[in-house]
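Fold and contact review
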Amino acid sequence: MADIGLLYFKAEAVSALALAKLTNLTPGLIERHDFPDGEFKLKLPATLASSVVIFHGLDRPNAKLVELLFAAKTARQLGAKHLTLVAPYLAYMRQDIAFVPGEVVSQRIVGDLLASLFDAVVTVDPHLHRVADLQEAIPVKYAINLSAAPILGELALKKREQPFLLGPDEESAQWVAQAAKAHHLDFAVATKNRLGDYAVDIQMPSINVAGRAVVLLDDIASSGHTLARGAELLLTAGAKTVDVAVTHALFDAQAEAVMMKAGISQIWSTDCVLHASNAVTVMPAIAQALSSLCERFNHD
Ligand code: R5P
């Protein structure tokens, strides 16, 4: 049996095993035992390769960050020389500034923690707003930021005739422009003012969407209110259909109901976060990134 090159947790077995197959890395399960008082214990396979990938998406992140801390430190003790985190969704990237004194800048703290544990981080469409790049948020040696935007654009084109892509807020401009450019689609970007966790105000750009199949494209759907408000405005403006394509499906059933009530026809997401709405996979893109990372480690 070859040394373990890709460590994963049970709940993410489907994605991790698909990635292991694409990369030819030998997968190994990290076992978890939960004690009655809420603490837990992990057990890693004892024979690791010198380069190890830990696959752990950071949606619902709090317990997962502790799991990563334990697993990464133990992998080093077991001899892992190069340690890479594959976290298709990276948590806490949205809190990148203290708006009032005393407010915690979670992005910096989580970024520093991950950089202290790993040599490389691979992720997809992290929410980087006021920082220049992923390396600034996570100061690791190799910070690889992939984008699902072209894949989502391709999906929109497959599903709808001549779709019009709309980004619901300024931050989405980076993804919607990329998706549109890759597939020669019309696009525009709205502006958003967040009024609270469950309330947003959206200003539409001056566009004519009458009779068009519009796809709202964003990095994250969480409460669903951004996309729901966007859909309402688009349908009022005469859009024929409004669908949603997001990289990270962080939404629950209640949020889904909010979006459907607003008139959204279909919600499509990538498998960055396992969800019933998953319609496309990012694992081949991650596999490619890991293979280029492997070459870089070989030259170190
Ligand atoms: C933030 O600006 C992100 O890009 C998303 O638009 C946001 O996280 C969506 O949140 P919600 O679904 O709660 O409106």
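Fair warning: this is a prediction, and the values are worked out from it, not measured in the lab. (Residues numbered from 1 in each chain as written. Predicted model: local features only at pLDDT ≥ 70, side-chain atom pairs only at ≥ 80, totals over all residues. Heavy atoms only, no water.)

1. A few points about the overall build of the chain
Just so we agree on the cut-off: Numbering of helices and strands starts at the N terminus; helices are DSSP runs of H or I of at least 4 residues and strands are runs of E of at least 2. Radius of gyration here is computed from C-alpha atoms only, and the compact-globule reference equals 2.2 Å multiplied by the residue count raised to the power 0.38. With a 1.4 Å probe rolled over the protein chains alone, any residue whose accessible area is under 20% of its type maximum counts as buried; one over 50% counts as exposed, and the rest are partly exposed. Contact between two residues is taken to exist if any of their heavy atoms lie within 4.5 Å; hydrogens are not considered. Working definition of accessibility: Shrake-Rupley area with a 1.4 Å probe, residue cover restricted to the visible protein chains.
Counting its secondary structure elements, the chain contains nine helices and 15 strands. The C-alpha radius of gyration of the chain comes to 20 Å, within 12% of the 19 Å expected for a compact globule of 300 residues. Residues counted as buried form 50% of the 300 residues belonging to the chain. Considering only intrachain contacts with a sequence separation of at least 6, the fraction spanning at least 24 residues in the chain is 65%. A total accessible area of about 14,000 Å² is found for the chain, and carbon and sulfur atoms account for 53% of it.

2. Considerations on the layout of surface pockets
For the record, the criterion: Of the two site types, the cavity is a set of points on a 1 Å grid over the protein atoms alone where a 1.4 Å probe fits but cannot get out, and the pocket is an open set with protein on both sides within 12 Å along at least five of seven lines, each lined by residues with an atom within 4 Å of a point. Grid points are joined across faces, edges and corners, and a volume is the space filled by probe spheres set on the points. Residues are grouped as follows: Ala, Val, Leu, Ile, Met, Phe, Trp, Tyr, Cys and Pro are nonpolar; Asp, Glu, Lys and Arg are charged; every other residue, Gly included, is polar.
There is about 1,200 Å³ of room inside the largest pocket. Elements represented by at least two residues in the lining of the largest pocket include exactly strand 10 (191-196), strand 12 (213-221), helix 7 (225-236) and helix 8 (253-261). Counted by class, the lining of the largest pocket contains 17 nonpolar, ten polar and 15 charged residues. Its volume calculated, the second largest pocket comes out at about 240 Å³. Lining the second largest pocket we find 14 residues, and of these Leu-25, Ser-51, Val-53, Leu-290 and Cys-294 sit closest to its centre. At the level of secondary structure, the elements contributing two or more residues to the lining of the second largest pocket comprise helix 1 (13-23), strand 4 (48-55) and helix 9 (283-299). Per element, the largest residue contribution to the lining of the second largest pocket is seven residues, and it comes from helix 9. Residue composition of the lining of the second largest pocket, grouped by class: nine nonpolar, five polar and no charged.

3. Some details on the sheet that holds strand 12
Hydrogen bonds along the backbone pair up the strands of a sheet, which may run parallel or antiparallel. Definition in use: The pairing criterion for strands is at least two bridges between them, as found by DSSP. Helix axes are fitted only over the stretch in contact, all axes being lines through C-alpha atoms; the angle between N-to-C directions runs from 0 to 180 degrees.
Read across the open sheet, the six strands follow the order 9-8-12-13-14-15; overall the sheet is parallel. Looking along the sheet, the strands with just one partner apiece sit at the ends: strand 9 (186-189) and strand 15 (278-280). Mean inter-strand twist for the sheet, computed between neighbouring axes without regard to direction, equals 30°. By the bridge criterion, four bridges tie strand 8 (residues 164-167) to strand 9 in an arrangement that is parallel. If you follow Gly-167 over to strand 9, its bridge partner there is Val-189.

4. Observations concerning helix 6 (residues 173-183)
This is how it is decided: The arc in question is formed by the directions pointing from the helix axis toward the C-beta atoms.
When we look at burial in helix 6, the residues that qualify are Trp-175, Val-176, Ala-179, Ala-180 and His-183. Down the axis of helix 6, the smallest arc covering the buried residues is 125°, so these residues share one side. Taken together, the buried residues of helix 6 touch helix 5 (149-159), strand 8, strand 9 and strand 12. Phi for His-184, located one or two positions after helix 6, is positive at around 55°.

5. A look at the environment of Ala-190
In this structure, Ala-190 sits in the loop between strand 9 and strand 10. Judged by its relative accessible area of 1%, Ala-190 is buried. A C-alpha to C-alpha distance of 7.3 Å links Ala-190 and Leu-166, two positions 24 residues apart in sequence. Residues contacting Ala-190, with those up to four places away along its chain left out, are Leu-166, Gly-167, Pro-168, Asp-169, Glu-170, Ile-202, Gln-203, Met-204 and Pro-205.

6. Focus: the site of the ligand
Note the following rule: Residue proximity to a molecule or strand is established when one non-hydrogen atom of the residue lies within 4 Å of it. Polar contact is the term for a pair of N or O atoms within 3.5 Å; when the atoms are in protein, one must be able to donate a hydrogen and the other to accept it, and sequence-neighboring residues count only if both atoms are side-chain atoms. Criterion for pocket placement: a molecule counts as inside a cavity or pocket if more than half of its atoms are within 2 Å of its grid points.
Every one of the 15 residues lining the ligand counts as a neighbour, but Arg-194, Asp-218, Asp-219, Ser-223 and Thr-226 are closest to it. Measuring from an oxygen atom of the ligand, one finds a side-chain N or O atom of Asp-169 at 3.2 Å. Glu-171 has a polar side-chain atom sitting 3.0 Å from an oxygen atom of the ligand. In the complex, the protein chains occlude 93% of the 370 Å² of accessible area that the ligand would expose alone. Among the detected pockets, the ligand sits in the largest pocket. Looking at the shell around the ligand, the elements that each hand over two or more residues are strand 10, strand 12 and helix 7.

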